[in-house]
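# Commentary on secondary and tertiary structure
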Amino acid sequence: MDYIERLNQDSESKKSSAAGKKKKTGEISKQKWAILSLSSIPLVMTLGNSMLIPVLPSMEKKLSISAFQTSMIITVYSIVAIFLIPVAGYLSDHIGRKKVIIPSLIIAGLGGLLSGWAAWRLDDAYWLILVGRALQGVGAAGAAPIVLPLVGDLFKNDDDVSSCLGLIETSNTFGKVLSPILGAVLAGFIWFLPFFSFPIFCTISVIMVALLVKSPKAAKPIPFKQFFTNVKKTFTEKGKWLYAIFFIGGILMLVLFGILFYLSEIFETEYGIKDVKKGLFLALPLGALCISSFIAGKIIKDNKVLMKWLTFGGIVAAAISIAALWFSIKLWFMLSMFLIAGVGIGIGLPCLDALITAGIEKEERGTISSIYSSMRFIGVAAGPPIIALLMKQATYWIFITLSGLSIIAAFVAMIAIKPGEKKAN
């Protein structure tokens, strides 16, 4: 009799599991156009920044500015976003995600127009280009970072959330792959054309989000005092691993954009690699990052222990590959090592996204994830100027710095991120 009961229980368990999988698949299928629309946002925001990487040496010559001033064209975008992202996250928790995302995309597009117009019409265009880039940063603050909590709102199943966050991070990294190629192609016609292309991408994304993303009905906003108390409580209870993820996210982006800035400069000055060819070479480590992000997002599901160790392993791989450049910076060896670094960073990013989104209550999710996004933007802002300054020293200092920071991030991941066991089915 006991045997028959166990058979029945096993049968019911299998039916329940099959039903759960069917529900999951159906939910993702139902939201496929929303996922596509949301994926366009990090893609567009990445294009708005990374598309300029291969164009920076040309800008340096056209505008008669230093390498450090050139790096500020990337950095000012991120600096503005750093301070405004938490504000955008708070607003998204209170007035709704789409009400923040759509105006932000419009502002970002206007910033691109201003920078393009200044480069086209003015002799001394540098400072107005920076103003336009700052406007793009304002728009970026309210667009890409709000995607993470919105994905968390759209799905109840943690596996669905992790899978979709993997797609979002893949879209982000695909933007990084496409950016140097597209930027180089556009700049091949007119050097400032990448600025003018950005508003077109923003317009497409605005239309898609407005028509295809149906946000869940927003709950009644929590009073600010209560909201602040809840956020404070969240940091009190979960601060250790949250601060760790904030730090790691910032370091990974600093390393990534440091690598891109270094490669963009070294390809042109040392190897004579320019234009579209340079864009294709820059796309190699970014392509590895894109593929590894997609695969990691697919396999982590809701397994937080796996997320931790994939993050740790990916960062260690990046650190070792960058450190290996101490011995040689021959072109293909250097590209191979940076390709491995791209894989490592790509494995870590979707894991960090999922840990943040799954570990925070919906009411504070926008604010907490926006602080995480701010830290990533700090990394983006810091990478190019740090490398520009280090390039005045012996080359090995670049690799020591990037590898050392990666090792510190890996150590923090191992010590501070302590998830529980995988939830039972």
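Reading the values: rules and limits
Per chain, residue numbering runs from 1 following the sequence as it is written. This being a predicted model, a pLDDT of at least 70 is required before a residue's local features are given, and a value of 80 or more before pairs of side-chain atoms are given or counted; all residues contribute to the totals for chains, interfaces and linings. To obtain the side-chain values, all non-hydrogen atoms of the structure were used and water was disregarded. Helical segments are the DSSP runs of H or I of at least four residues, strand segments are the runs of E of at least two, and each set is numbered from the N terminus. We call two residues in contact whenever any of their non-hydrogen atoms come within 4.5 Å of each other. Here, Shrake-Rupley sampling with a 1.4 Å probe gives the accessible areas, and only protein chains in the shown set may cover a residue. Geometry is summarised by axes, namely lines fitted to C-alpha atoms with helices restricted to the contacting stretch, and by angles between N-to-C directions that run from 0 to 180 degrees. Roughly parallel covers angles under 35 degrees, roughly antiparallel covers those over 145, roughly perpendicular covers 65 to 115, and oblique covers all other angles. Crossing handedness is read from the near helix: turned anticlockwise from the far helix by less than a right angle, it gives a left-handed crossing, and turned clockwise, a right-handed one. Gly is placed with the polar residues, together with every amino acid not listed as nonpolar (Ala, Val, Leu, Ile, Met, Phe, Trp, Tyr, Cys and Pro) or charged (Asp, Glu, Lys and Arg). Pairing of aromatic rings covers Phe, Tyr and Trp, the last through its six-membered ring, and needs centres within 6.5 Å; plane angles under 30 degrees mean stacked, over 60 mean edge-to-face, and all others mean tilted. We call a residue buried when its accessible area falls under 20% of the maximum for its residue type, exposed when it is over 50%, and partly exposed in between, using a 1.4 Å probe and counting protein chains only. In this scheme, Lys NZ or Arg CZ marks a charge over a ring once it lies within 6 Å of the ring centre and within 35 degrees of the ring normal. Each residue after the first adds 1.5 Å to the expected span of a helix. Take the buried residues of types Ala, Val, Leu, Ile, Met, Phe, Trp, Tyr and Cys, join any two whose side-chain atoms come within 4.5 Å, and each joined set is a nonpolar core. Criterion for a salt bridge: a side-chain nitrogen of Lys or Arg within 4 Å of a carboxyl oxygen of Asp or Glu. A patch consists of residues whose relative accessible area exceeds 30% and which take part in no salt bridge; residues with like charges are grouped when within 9 Å of each other, and nonpolar side chains (Val, Leu, Ile, Met, Phe, Trp, Tyr) when within 5 Å. The predictor reports its confidence for every residue as pLDDT, a score running from 0 up to 100.

As a further point, take the overall build of the protein chain. The number of helices and strands found in the protein chain is 15 helices and zero strands. Across the protein chain, the fraction of contacts at a sequence separation of at least 24, relative to all contacts at a separation of at least 6, is 84%. By element, 67% of the accessible surface of the protein chain is carried by carbon and sulfur atoms, the whole surface being about 18,600 Å².

So, on to the packing of helix α2 (residues 32–50) against helix α7 (residues 144–154). Running from amino to carboxyl end, α2 crosses α7 at an angle of 165°, the nearest separation of the two axes being 9 Å. On the basis of their axis angle, the class for α2 and α7 is roughly antiparallel. Judged by the sense of rotation from one axis to the other, the crossing of α2 with α7 is left-handed. Note on element contacts: α7 touches α2 through Ala144, Val147, Leu150, Val151 and Leu154, opposite Leu38, Ile41, Pro42 and Met45. Grouping the constituent residues of the contact of α2 with α7 by class yields nine nonpolar, no polar and no charged.

Enumeration over the complete set of coordinates arrives at 13 aromatic pairs. Relative to phenylalanine 246, the ring of tyrosine 243 has its centre 6.5 Å away and its plane inclined at 70°; by these criteria the two rings are edge-to-face. In this pair, tyrosine 243 and phenylalanine 246 are both assigned in helix α10 (residues 224–270), three residues apart and thus about one turn of the helix distant. Ring centres 5.7 Å apart and planes at 85° place the aromatic pair tyrosine 262 and phenylalanine 399 in the edge-to-face group. With tyrosine 262 in helix α10 and phenylalanine 399 in helix α15 (residues 396–416), the pair connects residues that are 137 residues apart, well separated along the chain. By relative accessible area, phenylalanine 399 is classed as buried at 3%. Taken together, the ring pairs in this structure connect Trp120, Trp191, Phe192 and Phe196 into an aromatic cluster. The ring of tryptophan 120 has arginine 121 lying over it, and the distance from NZ or CZ to the ring centre is 5.0 Å.

All right, on to helix α13 (residues 331–359) then. The terminal C-alpha atoms of α13 lie 42 Å apart, and with 29 residues this matches the ideal 42 Å at 1.5 Å per residue to within 8%. Of all 29 residues that make up α13, 21 are buried, and the element is covered over most of its length.

With that out of the way, let us pick up the nonpolar core. Residues Ile41, Met45 and Phe267 are the most contacted members of the largest nonpolar core, which totals 124 residues. Broken down by element, the residue count for this core peaks at 22 residues, all from α10. Beyond its immediate stretch of four places on either side in the chain, isoleucine 41 contacts Ile101, Leu105, Ala143, Ala144, Val147, Ser205 and Val209.

Here we come to the pattern of salt bridges. Under the definition given, this model contains four salt bridges. Of the charged contacts, one joins lysine 61 and glutamate 268 as a salt bridge, the two residues approaching to 3.8 Å between their closest N and O atoms. Residue lysine 61 is located in helix α3 (residues 56–62), and its partner glutamate 268 is located in helix α10; the two are separated by 207 residues in the primary sequence. Classification of glutamate 268 by relative accessible area gives buried; the value is 14%.

Below, the discussion takes up the environment of isoleucine 371. Examined against the element boundaries, isoleucine 371 turns out to sit in helix α14 (residues 362–390). Judged by relative accessible area, isoleucine 371 falls into the partly exposed class, the value being 23%. In this structure the C-alpha to C-alpha distance between isoleucine 371 and phenylalanine 83, which are 288 residues apart in sequence, comes to 9.3 Å. With sequence-adjacent residues up to four places away left out, isoleucine 371 is seen in contact with Phe235 and Phe246.

Right, let's talk about a nonpolar patch on the surface for a bit. A grouping of Ile79, Phe83, Leu84, Val87, Leu91 and Ile95 is seen on the molecular surface, where their side chains present a nonpolar patch of about 510 Å² in accessible area. By the secondary structure assignment, phenylalanine 83 is in helix α4 (residues 67–95).

For α4, built from 29 residues, the straight-helix expectation of 42 Å at 1.5 Å per residue is met to within 8% by its first-to-last C-alpha distance of 42 Å. Glycine 96, located one to two residues past α4, shows a positive phi value of around 115°.

Per-residue confidence for the protein chain gives a mean pLDDT of 83; residues scoring 70 or more make up 89%. Per-residue pLDDT stays below 50 along residues 1–24; that stretch engages in three contacts with residues further than four places along the chain or on separate chains. Note that pLDDT drops below 50 for residues 421–425; the model gives that stretch five contacts with residues more than four away or on any other chain.

Two numbers describe how helix α5 (residues 98–121) lies on helix α6 (residues 126–141): the axes approach to 7 Å, and their chain directions differ by 170°. Here α5 lies roughly antiparallel to α6, going by the angle between them. Judged by the sense of rotation from one axis to the other, the crossing of α5 with α6 is left-handed. The segment α5 lies against α6, with Ser104, Ile107, Ala108, Gly111, Gly112, Leu114, Ser115, Trp117, Ala118 and Ala119 engaging Leu128, Ile129, Val131, Gly132, Arg133, Leu135, Gln136, Val138, Gly139 and Ala140. For the contact of α5 with α6, a count of residues per class yields twelve nonpolar, seven polar and one charged.

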